[in-house]
Amino acid sequence: MAMSSGRVCWKWGSPLRRPRPAAGWRGFSRLHSTAALAPQICVVGSGPAGFYTAQHLLKHHKLAQVDIYEKLPVPFGLVRFGVAPDHPEVKNVINTFTQTAHSNRCAYYGNVTVGKDVLVKELKQAYHAVVLSYGAEDNRVLGIPGENLSGVYSARAFVGWYNGLPENRDLKPDLNSETAVVLGQGNVALDVARVLLSPLDMLRKTDITEGSLAAIAGSKLKRVWLVGRRGPLQVAFTIKELREMINLPGTRPLLDPADFTGLGDVVKDVPRPRRRLTELMVKSALEKPGEKEAARWASATKEWGLKFQRSPLEVLPAADGKRARGIRMAITSLEGSGESARAVPTGEVEEFECGLILSSIGYRSRPIDSSVPFDSKLGIISNSVGRVQGATGLYCSGWVKRGPTGVIVTTMNDSFDTAQSVLEDLQSGLLNLSDSKEGFECVRSILHSRGVQPVTFSDWEKIDAAEVARGRLVGKPREKIVDFQEMLQLIGH
Amino acid sequence: RPHSPSNSKRPANCLSLSEESPIPCPHAGCMRGTGVAMAQLAVTFCNFFDSSVDRVTVHFINKDGEKLTATAKEGESLLEVVVNQNLDIDGFGACEGTLACSTCHLIFEKDAFRKLDPITDEELDMLDLAYGLTDTSRLGCQVCVKKAMDGLTVRVPTEVADIRRELEVGKQSK
Ligand SMILES: Cc1cc2nc3c(=O)[nH]c(=O)nc-3n(C[C@H](O)[C@H](O)[C@H](O)COP(=O)(O)OP(=O)(O)OC[C@H]3O[C@@H](n4cnc5c(N)ncnc54)[C@H](O)[C@@H]3O)c2cc1C
Ligand SMILES: NC(=O)c1ccc[n+]([C@@H]2O[C@H](COP(=O)([O-])OP(=O)(O)OC[C@H]3O[C@@H](n4cnc5c(N)ncnc54)[C@H](OP(=O)(O)O)[C@@H]3O)[C@@H](O)[C@H]2O)c1
Ligand code: FES
């Protein structure tokens, strides 16, 4: 990237001191309310990590100014583009985020890609502290032959497509197969299976995009298999999501009793979450269903099931060499037990016919900029309690700090921890406030010189209102705008 | 700051008295986005009309050990108590009482726990994801205040250990 801004809006600070031991949780607001200098802080990314970090900083430091930079015009990260459309209650966190954005010490600048439109180095010159909360925008790959055949999609792209992520709007997945295989047994795998199998009347009332709803309505899909390389005791999904799947109208579960026999006893002494999760699978697989459930299963037109100890080896091409017609899997046995059991191939293989394969084996973060230390093995920014290694004034939170697992509450807690590290470093003097920083004023001129026009939070609120109005016409909570240009036009950019 | 629960999944037996009150009370309506001032106004308003409503004192031990004391009304959920009384508990009630977040996790004393209404599978499912789960944990949005609870003390969990993360520790890497 040839990008020398030629702008100097910073000066070197005085030599840095080491941090003193941390003060208690509460001390900060009192201490800082008397300080004359306002720390200028920015957060990169407007998902839960970005917003919860900002919320904590604003709450516990009464002078801090927090600016949030977001690559997309619209905020909220995976809450908008990840969380399933039929889980509107999860998206209630947006109300709290909106309150944070309305603080007069907080500003939102969308449509700004850090690392391209403005560099991390430049943000560090403009702010006392920079928090990287840019999530995990890529996905892990299987690394097997045939992975790129048509009919094979990453769950990340598929989720982005039904949730209106502009980059995935043209995915046009081929849904003409009767059977789909989802590789992986996490909550994303369950989300994908549920969206594919949900009765249309349920989906129609959600904020799923118009285009994907129409495609799913026209699909021939009857059956979804969720395939894990390990066993039932190692599934990564959680009980609430499993129960929802088991109760999904119009569908019946396909669980092989042989997979579950005897497991009830095995989990007697494991921690409650794993125990209850396993017991629910065992009950659905082995017990006779109640009358209502039996009737529902009998009349179901679609089905889903779990397959275990199958590790993907190769996606098999159809005669045309372009499309997927099935998948070859290694049958595995487990070495060790419990959470840490390992899958080892037995040498036996199995082929399975299916025209739709969704790989749901996890998301992955990308390095943002060569100046930020990145642990490519773990796929995270190298850090200690959110302090980026060897880079004073640089922090991280959320999936890019911890790796791409954990629900919103996990992300909230780890973001509070990072914010706490920032507050401690402000208090200890490690972040030098007498070194005055211009914050957004400095970044504004950089962006201007590069022809980048940021989207403000009130701009977003116009987009939001337009989406809600469009949704109302068709009885949905919103109809998402999936086109970048259309969003920008709407706000007069 | 959490909002007053709007589309909340309250337990059926958890009917706020103000909702049954013949006088239209802002308490029953949606106060989403109206912030703290409105919530306080609403409480004052309710108190004014419902002077017969029983007051129950509830104490919350916050993360830092500080004791917060609230005057609750019978029938309110503990989440509503926190919201309506503007108690300062970080991140509490993120999903606004819809059983989708577990941030309203509270820990009870054994005796008090035993006297609570039975717990549903759905609450247990969500609790299983909570930080610092104990045998006497409940979700605040699912527990409603009763007269007999007067003087109750509940603890906000401090332990920063995520059950789900523990589940994932032993995961096989690619
Ligand atoms: C499909 C799916 C469904 C989920 N469903 C649930 C659920 O139902 N309940 C639940 O509790 N949790 C759910 N989760 C987990 C939850 O979404 C995560 O815990 C949380 O979103 C992680 O937050 P984050 O801020 O780290 O990342 P993100 O939410 O991904 O936010 C990162 C933000 O940074 C922006 N960004 C990226 N690069 C740049 C850049 N260079 N410059 C500026 N901005 C940038 C991105 O556009 C994005 O807005 C789900 C996750 C997925 C993948
Ligand atoms: N409703 C919700 O609360 C919700 C919804 C969606 C997502 N989320 C959260 O978001 C996070 C991400 O979810 P996720 O489903 O993407 O990830 P995940 O929970 O980590 O699940 C990944 C799955 O892929 C499997 N896998 C990984 N590498 C593989 C390989 N090479 N070959 C075969 N299988 C492989 C894993 O099996 P192994 O265990 O064998 O590695 C696991 O079953 C999770 O914490 C999840 O709980 C929550
Ligand atoms: S407020 Fe979210 S589960 Fe209680």
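Bear in mind that the values here come from a model prediction, so they are computed numbers and not experimental data.

Below, the discussion takes up the nonpolar core. One finds A:Ile41, A:Tyr52 and A:Val422 to be the most contacted residues of the largest nonpolar core, which totals 49 residues. Ranked by residues supplied to this core, first place goes to helix α16 (residues 408–428) of chain A with eight residues. Every residue in contact with A:Tyr52, bar those within four places of it in the chain, is listed here: A:Val93, A:Phe97, A:Ile408, A:Met412, A:Ser415, A:Phe416 and B:Ala94. Residues A:Ala180, A:Leu242, A:Leu248 and A:Met281 belong to the second largest nonpolar core, which totals 48 residues.

Mapped onto this numbering, the UniProt entry gives "domain: FAD/NAD(P)-binding" (unreviewed entry) at residues 40–196 of chain A. Along residues 40–196 of chain A one finds 33% helix and 18% strand; the C-alpha atoms at either end are 45 Å apart.

All names here are of chain A. Compared with the 18 Å implied by 1.5 Å per residue over 13 residues, the 18 Å span of helix α2 (residues 48–60) between its first and last C-alpha is a close match. Within α2, 12 of the 13 residues are buried, which leaves the element mostly enclosed by the surrounding structure. Every buried residue of α2 is accounted for by Pro 48, Ala 49, Gly 50, Phe 51, Tyr 52, Thr 53, Ala 54, Gln 55, His 56, Leu 57, Leu 58 and His 60.

Remark: a regular strand shows side chains that alternate across the two faces of the sheet. Residues and elements named next belong to chain A. Of all five residues that make up strand β8 (residues 223–227), four are buried, and the element is covered over most of its length. Strand direction decides the pairing type here: strand β7 (residues 179–183) and β8, joined by five bridges, are parallel. Residue pairing in the sheet places Val 182 in a bridge with Leu 226 of β8. In this sheet, strand β10 (residues 302–307) lies alongside β8 in parallel orientation, the contact comprising five bridges. Bridge pairing in β10 links Arg 223 to Glu 303.

The next thing to look at is the UniProt feature "binding site: NADP(+)" (unreviewed entry) in chain A. Residue and element names in this part refer to chain A. In the numbering adopted here, UniProt assigns the feature "binding site: NADP(+)" (unreviewed entry) to Gln 185, Gly 186, Asn 187, Val 188, Arg 229, Arg 230, Glu 241 and Gly 406. Here Gln 185 shows up in the loop between β7 and α7 (187–197). Note on Gln 185: relative accessible area 8%, which makes it buried. Residues within four places of Gln 185 in sequence aside, it is in contact with Leu 226, Val 227, Gly 228, Val 235, Ala 236, Phe 237, Leu 306, Lys 307 and Phe 308.

Working definition: the strands of a sheet are paired by backbone hydrogen bonds and lie parallel or antiparallel to each other. All names here are of chain A. Spatial ordering of the open sheet is given by β6-β14-β7-β8-β10-β9, a layout of six strands whose pairing is parallel. In this open sheet, the two edge strands, each paired with only one partner strand, are β6 (152–154) and β9 (251–254). Across the sheet, the mean angle from the axis of one strand to that of its neighbour is 20°, orientation sign disregarded. Sheet topology note: the β7/strand β14 (residues 356–359) ladder contains four bridges and is parallel. Across the sheet, residue Val 182 finds its bridge partner in β14, namely Leu 358.

All right, on to the environment of A:Lys476 then. All names here are of chain A. The topology assignment puts Lys 476 in the loop between α18 (457–473) and α19 (484–490). Overall, Lys 476 belongs to the buried group, its relative accessible area being 8%. Spatially, the C-alpha atoms of Lys 476 and Ile 208 are 8.7 Å apart, while their sequence positions differ by 268 residues. Apart from residues lying up to four places away in sequence, Lys 476 is in contact with Arg 204, Thr 206, Asp 207, Ile 208, Thr 209, Glu 210 and Gly 471.

Turning to unusual backbone geometry, a few remarks are in order. Within the chain, A:Gln309 stands out as a residue other than glycine whose phi angle is a positive 55°. Backbone geometry places B:Leu99, a non-glycine residue, at a positive phi of 55°. Examined against the element boundaries, B:Leu99 turns out to sit in the loop between α3 (78–84) and β3 (105–107). With relative accessibility at 8%, the residue B:Leu99 sits in the buried group.

Moving on, we get to the site of ligand 1. All names here are of chain A. Taken together, 34 residues sit near ligand 1, with Ala 49, Glu 70, Trp 399, Gly 406 and Ile 408 positioned nearest. With respect to ligand 1, the side chain of Glu 70 contributes an N or O atom lying 2.6 Å from an oxygen atom. Relative to its unbound accessible surface of 1000 Å², ligand 1 loses 93% to contact with the protein. When contributions to the shell around ligand 1 are tallied by element, the ones reaching two or more residues are α2, α7 and α16. Taken together, the residues of the shell around ligand 1 sort by class into 18 nonpolar, 12 polar and four charged.

Analysis parameters
Residues numbered from 1 in each chain as written. Chains lettered and ligands numbered in written order. Predicted model: local features only at pLDDT ≥ 70, side-chain atom pairs only at ≥ 80, totals over all residues. Heavy atoms only, no water. Core = buried A, V, L, I, M, F, W, Y, C linked by side-chain atoms within 4.5 Å. Buried < 20%, exposed > 50% of the residue type's maximum accessible area, 1.4 Å probe, protein only. Helix = DSSP H or I, 4+ residues; strand = E, 2+ residues; numbered from the N terminus. Contact = heavy atoms within 4.5 Å. UniProt positions renumbered as here; feature names shortened; annotations may be inferred. Expected span 1.5 Å × (residues − 1). Pairing = 2+ DSSP bridges. Axes fitted to C-alpha atoms, helices over the stretch in contact; angles between N-to-C directions. Near = heavy atom within 4 Å. Polar contact = N/O pair within 3.5 Å; in protein donor to acceptor, adjacent residues only side chain to side chain. Areas by Shrake-Rupley, 256 points an atom, 1.4 Å probe, with all protein chains shown as cover. Nonpolar A, V, L, I, M, F, W, Y, C, P; charged D, E, K, R; others polar.

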